[in-house]
Amino acid sequence: MIDILLTYPYLIGLLSFVIGLIFMPIVVKIAQKQHFVVRPNKRMCHVGAIPNIGGIDICVAFLFIYLLFAYHQFEQSQFFLVGIFMIVVVGFIDDILILSPKSKLLGEIITGSALICFADIRITHLHQIFGISEIGLIPSYLLSMLILLTIINAINLIDGVDGLASGLGILYCLFFAFWFALAGETIWAILAIGMIGALAVFFCYNVFGKKHKIFMGDSGSLLLGYLLTAFTFQFCEMNAYQQAPINLCMKTAPAVVICVLSVPLFDMIRVSITRIKQHHSPFQADKNHVHHLLLHLGLSHIQTTCVLLSVTIFFIGFAIIGRNWNFWLLLGSDFVLCTLLTLILWKLINRHDYAQH
């Protein structure tokens, strides 16, 4: 059975979907019974007592695939597994008790240490950025931790409307799954495919669920960010050391990943700068994220999600086109495109507000 699934990796995604589908009603029932429901805050667009621990189901489905197909393939697999448990626990506690930004950041750093320092999944090569190739152990730890915190929190902050974080996660995992599969890195491809199946179940409940609607919560968004970081590290390392066929190697892999993740990364940077300029804490919740701006235009949740998923598909395509460009050329082009799209959005908002008055 396992050999058949390994021969046809897409079946692993189907298996992950089925596992998630079986466990989701149980997660919803537990959440309702224990009152693990959403708490309204300044940046939320929903009201009502809706379960917010959908990340638990995502974790269960993914772990089933990981333990069955990949656990024995990693030298330091136990630490990778510990990291998964820890990041889900941090997210779950934040969903239930609402941690302070400092406590949440500390939890992410401790969890990141399991991945970077103990599982030894990290960045060791800078792809000749600033003329630097391999870097020392301490710089590697620090840079990898910074990247992990950036990706995790970018994904966490973009989780604001139905289907957005999970939809983005599916697209990102598809990108990594295809590349890993073509590069012959079967285990990493399996992990990405397994995550796609787990996210697909949640997407269906989150977007189309009525009686059993559920939110991802931090338990899901932090887990998604954690795994995307691991995929990013492996992707960049394989390209840096040319551990894939020549036609698949990307000279500017770090810029490619930044381009692929443009929507959450640029949004996080833009919102943080805006808050600082207004003399507010960058951790202070508000409704200035890109999905809030689209909702302000009158778009529904599903329309907002479709717009941002379409933009993401464009950026993935753009990243593939520019995969062998100079690092700064691709990064600069990505920044210009993000800025241009943001200016267009602000222009539309100004016209909308003017028409309303």
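On a predicted model such as this, the values are computed, not experimentally measured, just so you know.

What counts and how
Residues numbered from 1 in each chain as written. Predicted model: local features only at pLDDT ≥ 70, side-chain atom pairs only at ≥ 80, totals over all residues. Heavy atoms only, no water. Helix = DSSP H or I, 4+ residues; strand = E, 2+ residues; numbered from the N terminus. Rg over C-alpha atoms; globule rule 2.2 N^0.38 Å. Buried < 20%, exposed > 50% of the residue type's maximum accessible area, 1.4 Å probe, protein only. Contact = heavy atoms within 4.5 Å. Areas by Shrake-Rupley, 256 points an atom, 1.4 Å probe, with all protein chains shown as cover. Lys, Arg positive; Asp, Glu negative; His and termini not counted. Charge placed at Lys NZ, Arg CZ, Asp CG, Glu CD. Salt bridge = Lys/Arg side-chain N within 4 Å of Asp/Glu carboxyl O. Disulfide = S-S within 2.5 Å. Pairing = 2+ DSSP bridges. Axes fitted to C-alpha atoms, helices over the stretch in contact; angles between N-to-C directions. Parallel < 35°, antiparallel > 145°, perpendicular 65-115°, else oblique. Left-handed = near helix turned anticlockwise from the far one by under 90°. Nonpolar A, V, L, I, M, F, W, Y, C, P; charged D, E, K, R; others polar. 1 Å grid on protein atoms, 1.4 Å probe; cavity = no way out; pocket = protein on both sides within 12 Å on 5 of 7 lines; lining within 4 Å. Points joined across faces, edges and corners; volume = space filled by probe spheres on them. Core = buried A, V, L, I, M, F, W, Y, C linked by side-chain atoms within 4.5 Å.

Student: Honestly, the overall build of the protein in this entry has me stumped. Any pointers?
Tutor: Within the protein one finds 14 helices and two strands. What you see for the protein is a C-alpha radius of gyration of 20 Å, in line with the 21 Å of a compact globule of 357 residues. The C-alpha extent of the protein, read off along each of the three principal axes, is 60 × 50 × 35 Å. By the burial criterion, 55% of the 357 residues in the protein qualify as buried. For the protein, the proportion of contacts with a sequence separation of at least 24, taken over those separated by at least 6, is 73%. Looking at the protein as shown, the accessible area adds up to about 16600 Å², and 69% of this sits on carbon and sulfur atoms. Placing the 19 positive and 17 negative side-chain charges of the protein at their respective mean positions leaves the two points 12 Å apart.

Student: I'm lost on the pattern of salt bridges in this one. Help?
Tutor: Opposite charge on two side chains permits them to pair, given that their charged atoms come into close proximity. In the structure shown here, the tally under the stated rule is five salt bridges. We note a salt bridge from D162 to K213, for which the minimum N-O separation is 2.9 Å. A residue pair is termed long-range when its members are at least 10 positions apart, and D162 in the loop between α6 (137–158) and α7 (164–182) and K213 in the loop between α8 (186–208) and α9 (217–240) qualify at 51 residues. We note that D162, like K213, is buried. With its nearest N and O atoms 2.8 Å apart, the salt bridge here joins R270 to D267. Of the two residues, R270 and D267 both sit in helix α11 (residues 262–277), three residues apart, roughly one turn of that helix. Assigned by exposure class, R270 and D267 land together as buried. Here the salt bridges share partners, and the residues they tie into one network are D94, K104 and D218.

Student: Help me understand the state of the cysteines, please; the structure alone is not making it clear to me.
Tutor: As used here, a disulfide is simply a covalent bond connecting the sulfur atoms of two cysteines. For the coordinates displayed, the defined rule picks out zero disulfides. You can see C249 has no disulfide; the closest cysteine sulfur is in C236, sitting 12 Å from it. Distance from the sulfur of C338, which forms no disulfide, to the nearest cysteine sulfur (C259) is 7.4 Å. A residue is classified by how much of its surface remains accessible, and C338, at 6% relative accessible area, is buried.

Student: Explanation requested: the pairing of strand β1 (residues 125–129) in the structure shown.
Tutor: Two faces, one strand: in a regular strand the side chains alternate between the faces of the sheet. By the criterion of burial, β1 is predominantly enclosed, with four of the five residues buried. Alignment of β1 against strand β2 (residues 132–134), held across two bridges, turns out to be antiparallel. Within β2, the position partnered with H125 by the bridge is E134. Linking β1 to β2, which pair antiparallel, is a turn of two residues; within it F130 sits at a positive phi near 60°.

Student: Explanation requested: the packing of helix α2 (residues 10–34) against α8 in the structure shown.
Tutor: Packed helices, taken two at a time, are described by their axes: the angle between them and the distance between them. Contact pair α2 / α8: the axes reach a minimum separation of 7 Å and the direction vectors enclose 40°. With respect to their mutual orientation, α2 and α8 come out oblique. At the point where α2 passes α8, the crossing takes the right-handed sense. Between α2 and α8, the contacting residues are I12, G13, S16, F17, G20, L21, M24 and P25 on the first element and I190, I193, G194, G197, A198, A200, V201, F202 and Y205 on the second. Here the residues of the contact of α2 with α8 are counted per class, giving twelve nonpolar, five polar and no charged.

Student: Explain the layout of surface pockets here, please?
Tutor: Where empty space is left in the structure can be found by rolling a water-sized probe over the atoms. A volume near 720 Å³ is recorded for the second largest pocket. Lining of the second largest pocket is provided by 28 residues; of these, I147, P254, I258, L265 and L331 occupy positions nearest its centre. At six residues, helix α14 (residues 327–356) tops the list of elements feeding residues into the lining of the second largest pocket. Considering only residue class, the lining of the second largest pocket consists of 22 nonpolar, five polar and one charged.

Student: Help me understand the nonpolar core, please; the structure alone is not making it clear to me.
Tutor: As a rule of thumb, nonpolar side chains are buried together in soluble globular proteins. F80, F231 and F235 are the most contacted members of the largest nonpolar core, which totals 114 residues. Looking at this core element by element, the count peaks at 14 residues for α8. For F80, the residues in contact, after removing those within four places along its chain, are Y66, L115, A119, I121, L191, Y226, L227 and A230.

Student: Where do I start with the side chain of D267 in this structure?
Tutor: For D267, a relative accessible area of 4% gives the class buried. The contact partners of D267, leaving out residues within four places of it in the chain, are I158, S262, H289 and V290.

Student: Could you clarify how one ought to interpret the packing of helix α13 (residues 301–321) against α14 in this entry?
Tutor: Relative orientation of the contacting elements α13 and α14 amounts to 160°, with a least axis distance of 12 Å. When the interaxial angle is binned, α13 and α14 end up roughly antiparallel. The chirality of how α13 crosses α14 is right-handed. Across the interface between the two elements, V311, F314, F315 and F318 from α13 touch L330, S333, D334, L337, C338 and L341 from α14. Each residue belonging to the contact of α13 with α14 can be placed in one class, and the counts come to eight nonpolar, one polar and one charged.

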